[in-house]
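# Close look at the chain arrangement
Chain residues, written in single-letter form:
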Amino acid sequence: MKLVLASHSPRRIEILKGLGYDFTICPSVKPEQTAYKRPLLKVADLSAKKALEAAQKYPRALVIGADTLVFCRGEVIGKPKDKKDALRILRKLNGTWQTVYTGMTLVHAQSKKCVRGVAKTYCKARKLPLSQLQEMAGKHLDKAGAYAVQDKDDQFIEKIRGSRSNVVGFPVELFTQMLKEFEK
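Please read all numbers here as calculations on a predicted model, not as lab measurements.

### Quick notes on the side chain of Thr68
- Mapped onto the fold, Thr68 is located in strand S3 (residues 62-72).
- Among the polar contacts listed, one links the side chain of Thr68 to the side chain of Thr102, at a separation of 2.8 Å.
- Contacts of Thr68, omitting those with residues within four sequence positions, involve Arg12, Val43, Val100, Tyr101, Thr102, Ala144, Asn166 and Gly169.

Encoded structure:
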């Protein structure tokens, strides 16, 4: 079965390639909007919207949609708007536990099959001085939470409880489990 990734995320592409899959990339072009406020529901809804949009173009393929966000101190945190916003986010996360959610949806339009799931991982950020946060602020503007655990130079996260690949944005364990639903 042909595989389609409804994302242009370099991390998701790298992980999926690392798993040995050959796939087509078809990122969503619609704005990421949802009426949901709760992190779990928000990522589940956005991942489904991305997958369903790509499935319209590739009805015979198995389409993967994913959406990741960070939740800390009552705030849903996505990608920073700019360097100033990245610094605000890093200051909020600095020295605290946060939760990373990734919603994943697999859709095969031709068979009308859709499987959804959400991965949840807890991360603890190191307590860093403001000068170091300012230095980090412009490095990861394309990542939820404004940090990158996969970047060897980014030492912001000191502890991870759960799936490390989820923190990167593609929970391998959840994907593997969900894929089994299409092998039946």
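There is more to say after this.
### Thoughts on the packing of aromatic side chains
- Evaluated as defined, the whole model comprises 3 aromatic pairs.
- Centroid distance Tyr21 to Phe175: 5.7 Å. Interplanar angle 85°. Geometry classified as edge-to-face. On the criterion of sequence distance, the pair formed by Tyr21 in the loop between helix H1 (10-18) and strand S2 (24-25) and Phe175 in helix H6 (residues 172-179) is long-range, its members being 154 residues apart.
- Ring centres 5.7 Å apart and planes at 50° place the aromatic pair Tyr147 and Phe156 in the tilted group.
- Here Tyr147 falls in the buried class, since its relative accessible area comes to 4%.
- The class of Phe156 is buried, set by a relative accessible area of 0%.
- Taken together, the ring pairs connect Tyr21, Phe170 and Phe175 into an aromatic cluster.
- Between Lys113 and the ring centre of Phe182, over which it is positioned, the NZ or CZ distance is 5.4 Å.

### Let's talk about the state of the cysteines
- Applying the stated criterion across every chain yields a total of 0 disulfides.
- Looking at Cys114, it has no disulfide partner, and the nearest cysteine sulfur is the one in Cys26, 16 Å off.
- Cys114 sits in the partly exposed class, given a relative accessible area of 43%.

### Some thoughts on helix H2 (residues 39-57)
- For H2, spanning 19 residues, the distance from its first C-alpha to its last is 28 Å, which sits close to the expected 27 Å at 1.5 Å a residue.
- Listing the buried residues of H2 in full gives Pro39, Val43, Ala44, Asp45, Leu46, Ser47, Ala48, Lys50, Ala51, Glu53, Ala54 and Ala55.
- As for H2, its buried residues are in contact with strand S1 (3-5), S3, strand S4 (75-77), strand S5 (97-108) and strand S6 (113-125).

### As for the pattern of salt bridges
- Counted by the stated rule, this structure contains 9 salt bridges.
- Glu75 serves as the salt-bridge partner of Arg88, at 3.0 Å between the closest nitrogen and oxygen. Note that Arg88 is positioned in helix H3 (residues 83-93) and Glu75 in strand S4, a separation of 13 residues in sequence.
- Linked by salt bridges that have partners in common, Glu75, Asp85, Arg88 and Lys92 make up one network.

Cut-offs applied
Residues numbered from 1 in each chain as written. Predicted model: local features only at pLDDT ≥ 70, side-chain atom pairs only at ≥ 80, totals over all residues. Heavy atoms only, no water. Helix = DSSP H or I, 4+ residues; strand = E, 2+ residues; numbered from the N terminus. Polar contact = N/O pair within 3.5 Å; in protein donor to acceptor, adjacent residues only side chain to side chain. Contact = heavy atoms within 4.5 Å. Phe/Tyr/Trp six-rings, centres within 6.5 Å; stacked < 30°, edge-to-face > 60°. Buried < 20%, exposed > 50% of the residue type's maximum accessible area, 1.4 Å probe, protein only. Lys NZ or Arg CZ within 6 Å of the ring centre and 35° of its normal. Disulfide = S-S within 2.5 Å. Expected span 1.5 Å × (residues − 1). Salt bridge = Lys/Arg side-chain N within 4 Å of Asp/Glu carboxyl O.

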